[in-house]
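As a plain string of letters, each chain reads:
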Amino acid sequence: MRAIVGLLGVVGMGMVGMLGAGCSEQGANLVFSAPAGPATASSYEIVLASTDLVPVIGDQRVSPTALTSETVTYYLQRAAANASGSIDKVEGFRVLVEPNATVADTAFIPFVLLYDDQDKLVGAGTYRADASGAPSPIVIPHGAVDEYPITIDALAEVVDTQPVAAGDAMQVTCDRADQSTFRSGVVWRDAAGAELRLMLPDGDSDDATARALDLDCDGAVVAAATSSGDCDDTRARFHAGATEVCNGEDTRCDGLPYLVVPCTPTGATGTCANANSGVAICEQATQMTTGCVQANACVCAASPGDTACRHCVVTFGHGTTAGSVMPCQPAIDATVNLGTQCAAASCTVTVLGTRDGWTAAVAASLQSSFGPAATGVTGTFALRVARPPGDLAGGAGSLVGAVDFALTAPGQPPRLFSYELELATDGVTTCTGNGPYTMTCTP
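Note that this is a predicted model, so its numbers are computed, not measured.

1. Structural notes on the sheet that holds strand β27 (residues 380-386)
- The sheet built from four strands is open, its strands ordered β25-β27-β23-β31 with mixed pairing. One side of each edge strand has no neighbouring strand; the edge strands of this open sheet are β25 (359-363) and β31 (437-438).
- Here strand β23 (residues 332-337) runs beside β27; their pairing, made up of six bridges, is antiparallel. Paired with Ile 332 across the strands is Val 385, a residue of β27.

2. Focus on the pattern of salt bridges
- If you walk through the whole model with that rule in mind, you get 17 salt bridges.
- Among the ionic pairs, Arg 189 bridges to Glu 70, the shortest N-O distance being 3.3 Å. You can see Arg 189 sitting in strand β14 (residues 181-189) and its partner Glu 70 sitting in strand β6 (residues 69-81), a full 119 residues away along the chain.
- Accessibility expressed as a relative area gives 10% for Arg 189, which makes it buried.
- Overall, the relative accessible area of 26% leaves Glu 70 in the partly exposed class.
- Glu 195 is paired through a salt bridge with Arg 189; the nearest N and O atoms lie 3.6 Å apart. This pair shows no difference in class: Glu 195 is buried, exactly as Arg 189 is.
- If you follow the salt bridges from partner to partner, you end up with Glu 70, Arg 189, Glu 195 and Arg 197 in one network.

3. Observations regarding unusual backbone geometry
- Thr 442 connects to Pro 443 through a cis peptide bond whose omega is 0°.
- Following the sequence through the fold, Pro 443 ends up in the segment after β32 (440-442).
- For Cys 253, which is not a glycine, the phi torsion comes out positive at approximately 60°.
- Here Cys 253 shows up in the loop between β15 (195-199) and β16 (258-263).

4. Things to note about the confidence of the model for the chain
- Looking at the chain, pLDDT values average 85 and 89% of them are 70 or higher.
- The low-confidence segment residues 6-23, where pLDDT is below 50, has 50 contacts with residues more than four positions distant or belonging to other chains.

Conventions and cut-offs
Residues numbered from 1 in each chain as written. Predicted model: local features only at pLDDT ≥ 70, side-chain atom pairs only at ≥ 80, totals over all residues. Heavy atoms only, no water. Pairing = 2+ DSSP bridges. Helix = DSSP H or I, 4+ residues; strand = E, 2+ residues; numbered from the N terminus. Salt bridge = Lys/Arg side-chain N within 4 Å of Asp/Glu carboxyl O. Buried < 20%, exposed > 50% of the residue type's maximum accessible area, 1.4 Å probe, protein only. pLDDT = per-residue confidence, 0-100. Contact = heavy atoms within 4.5 Å.

What follows is the structure in structure tokens.
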């Protein structure tokens, strides 16, 4: 069977089409081959992607529950050869895509999408010119006909809580400001094992090349060679700063295997207002939480000398408004003593999160490079905290934030510990120069 379509509209259907007597054929003849693909399709779509804009994006997750990533290629629709009707036999089906005077381009990377009667993707294919298997351009000439084989892979459509594995596909939808939705793109993994991402237009145009590279419309734009704060551009709940819960998904894109979650400690006593609150570590891989740790403020209030009472005294200057203070900037460093916790084997200290607007990084020593985790830690590690310049409410001795850590040793489950950030009690101190400044952490 054969269909004849134009770049921007249907020209004709069937063996002869609606070209009329005396008309000569011109364009690109796409011939479908589906040795392992679907035998039939209820509908099909032909997308012609740009040959100039083919972004290659690194560090992209392809599963919502795995931290591993890979490099993926985006293909941006430049025009559409609109088609309609079902295909009784995919193998050997032919489509003649004719040129259109309103579209200046004649070279495109073609994609064929096949759907069942529920509009689920059941197959996808493209033209591959050589053994590399990469999608290749075709030419839609005037006054001549070129022929291109299109290999169709069978696909099974999955929802975004599932990985896009070999032979899987996923349609990405987005919400507009007026609460309507549109299909933003199609993602699938072909027979060669590569994940392909096809970006579609977000309006009435057939051209997606002016769209920002934000397939899931979460506001986090990816760029070549980096994920730019969005580790998964196919699922809108994934991006830097996103809310994270203990469900096995690293939606915050921080790559951490652990997450601090609230809990209610059993047997908590004392007069502290927060005596019956606490935190625990969720291990994302198993979605299991460790034992509950009582709120550090309560431990310190009950027994300031307790070794479980960890706090760091932060120097500060007077704020710009009455009753406010300003922590020293740009960063405040301290050496933290772990005692004998890592005497048997070196540990890894990982920053799980901070509270009240602070940022934190750790290192094996004050002379080492700081980052989200420090390895090879034995007796001590270095902690650096900072926050955006500005005033804090509170005075000397006030608690103004906290840092949560996971301490892991070989063969041991992670242990949660926190350090409260406390303003010094001696008023204005050493906020001079450019820092980094020092703080004192005990025990």
